[in-house]
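Spelled out, the chains give:
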Amino acid sequence: MAPSFYQADKQTHRRVMVVGLLLCAVFVAVSFSLRSQPEDTRALVKADRLVRAAGEQRPAN
């Protein structure tokens, strides 16, 4: 079995892992912040209408 990168140089392996994790975290943060926000708030309008209508009494037929 050939020696792995981790066994050969633990300090370098740790540094590479930390840099990789930081780059992944930065990529996720940037892509999340640049994501377009939905302009359509129909779900909120529907929820608002349901909340407003919750206290009203319906006419009894």
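**Student:** I would appreciate a short explanation of the overall build of the protein chain in the present structure.
**Tutor:** Per the secondary structure count, the protein chain includes three helices and zero strands. The N-to-C order of helical and strand elements in the protein chain reads α-α-α. For the protein chain, the exposed surface amounts to about 6,400 Å²; the carbon and sulfur share of it is 63%.

**Student:** For this particular structure, what's the right way to read a nonpolar patch on the surface?
**Tutor:** A cluster of nonpolar side chains, Val26, Val30 and Leu34, forms an exposed patch at the surface whose accessible area comes to about 300 Å². With respect to the element layout, Val30 can be found in helix α2 (residues 10–33). Classification of Val30 by relative accessible area gives partly exposed; the value is 41%.

**Student:** What should I look at first to understand the confidence of the model for the protein chain in this one?
**Tutor:** Regions with low pLDDT should not have their predicted coordinates read in detail. Scored by pLDDT, the protein chain has a mean of 76; 46% of the residues are at 70 or more. No element of the protein chain has a lower mean pLDDT than helix α1 (residues 5–8), at 61, and none a higher one than α2, at 91.

What counts, and where the lines are drawn
- Residues numbered from 1 in each chain as written.
- Predicted model: local features only at pLDDT ≥ 70, side-chain atom pairs only at ≥ 80, totals over all residues.
- Heavy atoms only, no water.
- Helix = DSSP H or I, 4+ residues; strand = E, 2+ residues; numbered from the N terminus.
- Areas by Shrake-Rupley, 256 points an atom, 1.4 Å probe, with all protein chains shown as cover.
- Patch = residues over 30% accessible without salt bridge, like charges linked within 9 Å, V, L, I, M, F, W, Y side chains within 5 Å.
- Salt bridge = Lys/Arg side-chain N within 4 Å of Asp/Glu carboxyl O.
- Buried < 20%, exposed > 50% of the residue type's maximum accessible area, 1.4 Å probe, protein only.
- pLDDT = per-residue confidence, 0-100.

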